Structure formats: C-alpha cells, structure tokens
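# A closer look at the structure
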2 protein chains.
Amino acid sequence: MADKDRFVNQIADIDTDYTQWYTDVCLKSELCDYGPVKGTMVFRPYGYAIWERIQAEADKRFKALGVKNSYFPMLIPQSFLMREAEHVEGFAPEVATVTHVGDTELSEKLVLRPTSETVIGNMYSKWIGSYRDLPLKLNQWANVVRWEKTTRPFLRTSEFLWQEGHTVFATPEEANADALKMLEVYKEIANDVLALPVLTGRKSEKEKFAGAEATYGMEAMMKDGKSLQAGTTHYFGDRFAKAFDIKFLDKDGVHKYAYQASWGISTRLIGAVIMAHGDARGLCLPPPVAPIQAVVVPIGVGKNAAVGEKAREIAEKLKAAGLRVELDERDLSPGFKFNHWELRGVPVRVELGGRDLEAGVVTVCRRVDGEKLQIRIDECAERIVAMMGEITKSMYDKADAFTASHIVKVEKLDDMEKALDGGNFCDAHWCGERECEDKIKQLYAATARVFNADQKGVEKHKCVCCGKKAKHRIYFARAY
Amino acid sequence: MADKDRFVNQIADIDTDYTQWYTDVCLKSELCDYGPVKGTMVFRPYGYAIWERIQAEADKRFKALGVKNSYFPMLIPQSFLMREAEHVEGFAPEVATVTHVGDTELSEKLVLRPTSETVIGNMYSKWIGSYRDLPLKLNQWANVVRWEKTTRPFLRTSEFLWQEGHTVFATPEEANADALKMLEVYKEIANDVLALPVLTGRKSEKEKFAGAEATYGMEAMMKDGKSLQAGTTHYFGDRFAKAFDIKFLDKDGVHKYAYQASWGISTRLIGAVIMAHGDARGLCLPPPVAPIQAVVVPIGVGKNAAVGEKAREIAEKLKAAGLRVELDERDLSPGFKFNHWELRGVPVRVELGGRDLEAGVVTVCRRVDGEKLQIRIDECAERIVAMMGEITKSMYDKADAFTASHIVKVEKLDDMEKALDGGNFCDAHWCGERECEDKIKQLYAATARVFNADQKGVEKHKCVCCGKKAKHRIYFARAY
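Residues numbered from 1 in each chain as written. Chains lettered and ligands numbered in written order. Predicted model: local features only at pLDDT ≥ 70, side-chain atom pairs only at ≥ 80, totals over all residues. Heavy atoms only, no water.

### Some details on the nonpolar core
We apply this condition: Here, nonpolar core means buried Ala, Val, Leu, Ile, Met, Phe, Trp, Tyr and Cys residues that are tied together by side-chain atoms lying within 4.5 Å of each other. Only protein chains enter the calculation, and the probe is 1.4 Å; a residue is then buried if its accessible area is under 20% of its type maximum, exposed if over 50%, and partly exposed in between. Note on definitions: a residue-residue contact is assigned when non-hydrogen atoms from the two residues lie within 4.5 Å.
Among the nonpolar cores identified, the biggest contains 159 residues, and L112, F154 and I274 of chain A together with L112, F154 and I274 of chain B are the most heavily contacted of them. Residue contacts for F154 of chain A: discarding those within four places in its chain leaves Y22, C26, L31, C32, M41, F43, T267, R268, I270, G271 and I274 of chain A.

### Things to note about the environment of A428 of chain A
Inclusion rule: Numbered from the N terminus, helices here are DSSP runs of H or I no shorter than four residues, and strands are runs of E no shorter than two.
If you trace the backbone, A428 of chain A turns up in strand β21 (residues 425-430). Ignoring anything within four residues of it in the chain, the contact list for A428 of chain A reads V410, V464, H472, R473, I474 and F476 of chain A.

### Side note on the sheet that holds strand β10 (residues 214-221) of chain B
All names here are of chain B. Quick reminder of the rule: Two strands form a pair only when DSSP identifies at least two bridges running between them. Only the contacting stretch of a helix is used when fitting its axis, a line to C-alpha atoms as for every element, and angles between N-to-C directions run 0 to 180 degrees.
Overall, mixed pairing links the seven strands, which are arranged β3-β7-β8-β14-β11-β10-β9 in an open sheet. Edge positions in the open sheet fall to β3 (68-69) and β9 (199-202), since each of these has one partner strand only. In the sheet, strand β7 (residues 136-145) pairs with strand β8 (residues 159-169) via 10 bridges, with the strands oriented antiparallel. Bridged to K137 within β8 is T167. Packed onto the sheet, helix α3 (residues 45-64) meets β3, β7, β8 and β14 (259-266) and runs at close to 165° relative to β7. Relative to the sheet, helix α9 (residues 268-277) contacts β10, β11 (227-237) and β14, its axis offset from that of β11 by approximately 145°.

### A short note on the pattern of salt bridges
All names here are of chain A. As a reminder of what qualifies: Salt bridge, as used here: a side-chain nitrogen of Lys or Arg that lies within 4 Å of a carboxyl oxygen of Asp or Glu.
In this structure the tally under the stated criterion is 73 salt bridges over all chains. Across the salt bridge formed by R61 and E188, the nearest N and O atoms sit 2.7 Å from each other. Here E188 lies in helix α7 (residues 172-194) and R61 lies in helix α3 (residues 45-64), a separation of 127 residues in the sequence. Relative accessible area serves as the criterion here: at 35%, E188 is assigned to the partly exposed category.

### As for the relation of the copies chain B and chain A
Formally: Here the copies were fitted onto each other by least squares, based on C-alpha atoms from residues at pLDDT of at least 70 in both.
Mapping chain B onto chain A calls for a rotation angle of 180° and an axial translation of 0.0 Å; the resulting RMSD is 0.0 Å. Between the two chains, the operation in question is that of a two-fold axis. Residue V98 of chain B of chain B places its C-alpha closer to the rotation axis than any other residue of that unit, at 2.2 Å. Mapped onto chain A, 100% of the interface residues of chain B again fall at the interface, so both copies present the same surface.

### Some points on the interface of chain B and chain A
Cut-off, in case you're wondering: Put simply, buried area is how much 1.4 Å-probe accessible surface two parts lose in total, over both of them, once they are put together.
Between chain B and chain A, the contact holds 52 residues from the first and 52 residues from the second. Considering only the side of chain B, the residues that lose the most area to chain A are P36, Y71 and W127 of chain B, jointly responsible for 15% of the buried surface there. Counting across the interface, chain B meets chain A through four salt bridges. K63 of chain B is the salt-bridge partner of E52 of chain A, the closest N and O atoms lying 3.1 Å from each other.

### A look at the packing of α3 of chain B against helix α7 (residues 172-194) of chain B
All names here are of chain B. Our working definition: Rotating anticlockwise by less than a right angle from the far helix to the near helix defines a left-handed crossing, while the corresponding clockwise rotation defines a right-handed one. Under the convention adopted here, Pro, Cys and the residues Ala, Val, Leu, Ile, Met, Phe, Trp and Tyr are nonpolar, Asp, Glu, Lys and Arg are charged, and Gly plus all remaining residues are polar.
Orientation of α3 relative to α7, taken along the N-to-C sense of each, is 140°, at an axis distance of 11 Å. Judged by the twist between their axes, the crossing of α3 over α7 is right-handed. Note on element contacts: α7 touches α3 through M182, V185, Y186, E188, I189, V193 and L194, opposite I54, E57, A58, R61 and F62. Split into classes, the residues belonging to the contact of α3 with α7 amount to nine nonpolar, no polar and three charged.

### Quick notes on the state of the cysteines
Residue and element names in this part refer to chain A. In plain terms, the rule: Cysteine sulfur atoms are paired as a disulfide whenever they come within 2.5 Å of each other.
Across all of its chains, the model carries zero disulfides over all chains by this definition. Free of any disulfide, C26 has its nearest cysteine sulfur in C32, 4.4 Å distant. Its relative accessible area of 0% is what places C26 among the buried residues.

### So, unusual backbone geometry
That bond from L134 of chain A to P135 of chain A is cis: its omega, -10°, falls within 30 degrees of zero. Assignment of secondary structure puts P135 of chain A in the loop between α6 (117-127) and β7 (136-145). Phi at F154 of chain B is positive, roughly 70°, even though this residue is not glycine. Along the chain, F154 of chain B falls in the loop between β7 and β8. A positive phi angle, near 60°, is found at A445 of chain B, a position not held by glycine. By the secondary structure assignment, A445 of chain B is in the loop between α15 (434-444) and β22 (447-451).

### Concerning the sheet that holds strand β23 (residues 472-477) of chain B
All names here are of chain B. Strand order in this open sheet of four strands is β20-β21-β23-β22, and the pairing throughout is mixed. At either margin of the open sheet sits one strand with a lone partner, and together these are β20 (407-409) and β22. Each strand of the sheet is rotated relative to its neighbour by a mean of 40°, with strand direction disregarded. Across three bridges, β22 lies against β23 in antiparallel orientation. If you follow T447 over to β23, its bridge partner there is A477.

### Re the packing of aromatic side chains
What describes a pair of aromatic rings is the distance from one ring centre to the other and the angle between the planes of the rings. Selection rule: In this scheme Phe, Tyr and Trp rings, the latter by its six-membered ring, pair at centre separations within 6.5 Å, and the angle between planes marks the pair as stacked below 30 degrees, edge-to-face above 60, and tilted otherwise.
For the structure shown, the criterion picks out 35 aromatic pairs over all chains. Judged by centre distance (4.9 Å) and plane angle (75°), the ring pair of F236 of chain A and F240 of chain A falls under edge-to-face. Relative accessible area serves as the criterion here: at 1%, F236 of chain A is assigned to the buried category. Look at F240 of chain A and you get buried, because its relative accessible area is 1%. Aromatic side chains Y124 of chain B and W127 of chain B sit 6.1 Å apart centroid to centroid with 50° between the ring planes, which places their arrangement in the tilted category.

Next comes the structure, spelled out in structure tokens:
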C-alpha cells in the first residue's frame, strides 16, 4: 500500500457508509474519543481547540449586545423541574439524579442540569424587583447532562458543552424580539465562522422546547441530506416567571410578571462542521475555527538542508502574520504527511521542495478543493492570510450550493419518500395539525424543521399530507 | 445618615467581625449569591468576570508551555476511584453519586468528578503507547463537586470551577520538575495578576493530595492572619500509571510505567483576593482582574451640562486606551456613588466637577490607599493606564509588608498560641513526625502549610513541639 493512500484507507467511504465515515473522522483525526461511561465523550485537544474558537467568536458577539457571563449551580433540586408542567414532561426521562453523597442519602434528590431555566429563574426572582433591573441578560458557558439512549460523538452525548443565555424583559415583545435577534447572531456565527449555510425560522408546536411559547431554530444540511439542529432560541412568555415568581414593580406602580427568552448553541456545532464540510479524505475545517490554519511541509530535506531552514523561516513568518501554523518536520514521506493533514482538515498546506526553493516559491494547496498554486516566498504570508477569507467563502458557497440543490418542493405525500431518500429537504405546505406531522414522521422518519422564511400566498396551497388548506410553508427533513 | 456612610454601614466591621465582613462583601458587591441547594453558589457577572480574567491570564501561560486544553467527562465510574487506595480514601466521603436516570436505576454507580486523575488516567492508558507520545500535557477548565460540610462562597462550595492540568512523562525527574515548574507559574499569577504574595513549598505528608507522592502548595496570608491554600501541584510518581496501566514502549524496547503530575487553581483565588486586599470599605481589586478598572463620576451635572459631556468624552478616551471603564451617570449623589464603587473595589475613580472642568483637570482617586491626585484631562488616559501597573505594585507591596510583619519565629510550643491568636503564621522547626503535627492541630487548630524555602542549618534546631532534633523548617498556621 502506498503511503499516499494509508490515511484515506483508514476512514470508511463517505458515499457508501456515511455513519462509519463520521465515526472514523471523529476518532482518527483525534477530535475526540469515547469516555469510559457509555454515552460520554472526551474532547481531545484538536476537537476542544475548535470549541475554544467557537466560544471566542460567540462570546464577543454576546458581550457586544450587553450580555454578561455568569455561572449557576449544576445541581438543581428535583422539585424545581416540576414547577413548569411541560418542562418537566420534556426533560424528566433524561435527567440524571444525585441521591447520595458518600454513604449518606440526600434529603432532597438533585438533578444534573439538563438546561438551567429553573435554577436561573429561582435566582432571577430574588434579583429582580423593579423595572430598573430590566432588561437582564446573562449567559453561561457550562456542561449539561441529558441521558440519551442513542449517542454519537458531538451530536448526542450524555454530557455536552454549551452556552445558555437567559434574558428577562418587561414586555412580551422585547422578549420575543430577543429570541429572534439571537437567532440572527447564531446565523451569523454559522455563516461567517463555520462557513455553514442555515435555514432559520420558527419551529412547530411539536418540535418546540419543553416549556416555551415559541422556539426558533437554525437547521443545517449535512452531506447526507439530513438536517442538524444547530442552535435554538426560545420565547417563554411569562411561563417561567409564573412558575418562579419573577415579578417587577413597573413604572406605573403595578407589580407585573416578567417575560423571558433563552438561547443556546453547543458542541454539536462541531458535528455540523464535520458533516457539512468533510469529504472522502476526512475533515475540512473553516479557517476561523481551524486549530491549525496552515501546515508547512518541507520536502527532500535529506538531500537539501536549505529546504528545512527555509521552511522553518516561512513557518515563523506565517505565525508572525497571525496565522495558526504547524511545521511538519517529521521524518516521514510527503505523501504520508499530506494525508495526515488532509484527514485533519487543515485549510492550507504549504509545500517547499528543492525546486520551489530555487524558484523562490512555495506550492500552496487548498484543502477545500485541492487547488494548487505557486506563490513567491516573499509574498506568501500576506497571500495566505488573504486566502483564509477566500477559503471560508469557498466553503460557504460550496455548502450553500449543495443545500440549495437538495431542497425539493413537494406537493404530494407520495413524493416525499423519494425526495428524502434522495438526500433532500422537502419544501412543503402544511395544515398545521399535529396529526399530519405525526403521520409524516411515522411514514418517512422526517420531522418538521423550521417554517420557511417565505410564507407568501401560503393559503393558496394544500397540506402535503391531508390535502386540506395549508397554514404554513415548512421544511420537512430527516434529522440528527 | 449621610449618603457617604450608607454603603460602608452595609458591611460588617472588618476588625471586629471578619467572617461577616467577608460574607457581606461577597453578597453586597454582587460578586455572588447562594444557590438553592445548600453549599452551592452562583457566580454573578461581577464575580464571574474576575474569574474570566484569571482564566485568560493562566491559560496563556499554560499554552506558552505547550499545554493543550481538552475536556473529559464529569461522570466517572465509581469503581475508578477505588483503584488508587489513598485516592479513594481521601475523596470517597465527599463525592456525589448518580444512581438514577429518570426512573431507571443505573447498572453502575457514577460519581461526579471531585478531580479527574482517574478518568484521565483511563484515557491516557489508551493514548500513550510509545516514548514518542511523551511528554503529554493536557489541561481542562471544568466544574468539580466535593460535598463539604461547612461551606463559604468561593472558599469551599459543593461545586466549584477550576483548571486541572494532567501531565505524563517518561521519567520521575521530569514529572516532579513539572510539578515544581507549575508551582512557579502559579506564583507568578498570584504575584503579577492578583498582587498576592505567596509562600510556596512542599507540603507535609499529612497535608498532601490523596494519592500523590508529593504535593507542593502556595499559601497566601489573609488579613486575619489565616492561610489560604491558593493552588497546589502534585507529583504522583507512577502510582496512577500502575492503577490505570499507563505504559509506554521506551527507546530501549522496554515497556515502562509513565510518571505523572497534576496541578490546579480554582475560583478560590477570588476568595483570596477578597480577603487579602479588602478593607473596611469593601473590595479592593487588582487592576489585572478588575472587571471595571476605572469609574468616571461626573459631579454637579444638573448645574453644568458641560461636565456630563466632558465626562462621557473622558470615559471614551479611557476605553480607547484599553481600560475597562464605567461611566456612572445615575441621578444619585456623588457620595453614594463613591461608596458604591469603593465597595466594589474599582481601582481608580475619576471625578470631574465644574471646577475641575474649568481647570482642565480630573481628580483621580486610588482605591488601594485613597490617594487623590489631579491630572490634566489631555494626559489622563496615558496617566491612568500607567497607574494600573503602579496600583498593582502598591497592592502587592502592601500585602507583602503585611505578610512579612505577621510571620513570627516560634521556638516553643507555648508561644504558638499567642502568635496564632495575634494573626500570625508560625515560622517553626519540626521533627517531621505526624504525632507533633496532630498535636499542634489539636491544641491550636493550626496545620503545617508548606516547608520554608530556607532549610539551611535546620539540623541545629529542635522541633517546636517535642523538642527532638528538627528535620524541617515549616510554616504552621490556621487555614481556610
């Protein structure tokens, strides 16, 4: 077996076994590993570094909007969950419960937060007294625990990392506007930081968060045509305010319940990046979050020591220009190294061989499309910095074209299966009844994702399922 | 009651009720609050922002040493803890145990990490195969749970936030050197970032970490003369390697156990900052971690609108110079505002009144010593930026002088009580026997903190307790 093929052969074929391809890419690029407890995962340095970049990009956007970070306890009295009927119904089956400390049984059972509306609501009722205390906009970066039966790295694990923003306002309009505003922020992060096109919109009643009045989501298409819910924002009305007695004395001297929103993105986004951009050779990472943006590979150092020296110099130059750079001086064949870094999705490979050196150039290869170009060494730092933005755009455009070409308008139920099996989202009309939603799920394992941004003339159409007058235009898809 | 005294009166007197003073400062400066579950705490934005600054300062130092961040599961099989005999003995009584998910009992009990040596050791045994995999230096920022009977905000809570570094080496010398090196890094953070003088050194056998061969600690003196363990590093030898089968194939073709170290600092450091620098008026925050470094207070805006305008301009100028700035335009008296920001420990207050404006100056007041000076408006940004370093130094010097003047050489057991009651550390000699250590604890509630950096001529001295020949020079103190 040629060195060149070794790494590629280590991962399953993306076209014939996407599931195994995903697992192989996760493990073999050393993004993560399985934890000792079933359903848990370990974020290895390469995977965690992506999360750190996502955190930094999100955090600065939140702070610019006046959101402040804080931290609330992970352990929540079990009774708190009970206070909002839908909330407990949604989360109770998957909450992990702490009953003992050492050998002593606790007097009250505690749950590990599956989300923090309840514990934060409890504190907000203490802190909020007057309209002057509003709006209150807090966020926390934290781990949460949701015990899922079927787990997959990044996509669904017993414990995951996320941020949860919890905001409080004097009026329902402001709270709902916050949920919509944060959806926009999430979309910007998906587009600009992760090169990920997303469909955004409101979710159906069935698909909304347990305890919310309305849930808004962003959905990203994976390369198998399935949807991945990549972030959600929720408008709660005064539901949690009533459950936790969050009241304020308004300007008019009347005590009123406050209105709330919450919003979250998680380490799931790493799964989205893997599945939306990856290819037969492995990962393909968007430059803004790539832990290594450029790898410098000297070729034939054994025959020509000057190559090694110049490669080191180039690596330093690229670092000085602000890039995250790796210099691969290992005593391994170029083919092996190329595959190694392609599997890991490094956006740009910078090759320097004897002939390159003589000609005063480097050969630069873009991971996204394999395009190679020669760049003069004295210009390479500047050019490669510029390439980062170009590559992000190429990646976005590629994923966007893929998404656009895999959305099929479906008017009859019979056409849905073919569309879904062909790896498409169904752009359909729906009467709004739960019955039809359930039927589509039962027949084709597809769910309502988000309402279409364009609802114009929807009343002229018929429900894809029952044929009655449509109320919504909505995307149906199979989902992770 | 005059406005000026309102805030000061809200906190207990530091000289007569230090314990209540601490609680008052924590809660009334809005650093934190109590969580709904006994022993838990909430990090409010002002407190969490200090932690974010500590994290950033520590993280950059770790990364500069080649340490990479990662994340390991919080849930650990109970059986893992059992594998290292001393480790389980030390932690078992305080671990919280998860027994159920929803209504279903788990087949294996899981504990919430009190620290992660075991779960990380388990992964390291999988990842490490060859000498080429060493050294391995990972860190994680995480929450841990240790169920303590007596809790106090920041100092001792059921859940706290920390970082834990876990490093693996081929030789015992390298692992021990890493524990010592990280102690130096912690000292630098304490000194330069928190303006906190610390005593560093090895801990006694009794005080070492459960499962370590050696523990090194840094101890900071609080204003009541008690010691606060502000960070520890541990050398494990091959203990966890043997418990978790962490072996590598060495260059000589022999499979060998690896050697490990671990090191951690936590949100306890915030408690240290409060208690080492705080005074009768409240918090006093070191500029490197102060969420607000300068507060601008316009005075008499009602009479002179130009003052308000100029104050806004100054605040913008200070922000542009890189400072974290708050402009207090609230319709409250200057005295009220002064106390408000003094309680919160803002390093510098910038006052601008009508006369100041006429003279083209601002009045700047340093929180650390109340020193006031007038600075020309056109020079104020530059001067205040420079003041940040000066203030950090002043704070360090002040705390250092306090510490130095509260270390008493004690040669007889009878003198120990007086020294401790006077709020001092005891610089003493010790035979090294556990019996004497236990006796001192029983008699005076003081414990061995760290060995003195100077062990010269120790053999010429006698144990402060039993009078036998001394083996160590060591600090005894009451501790948090």
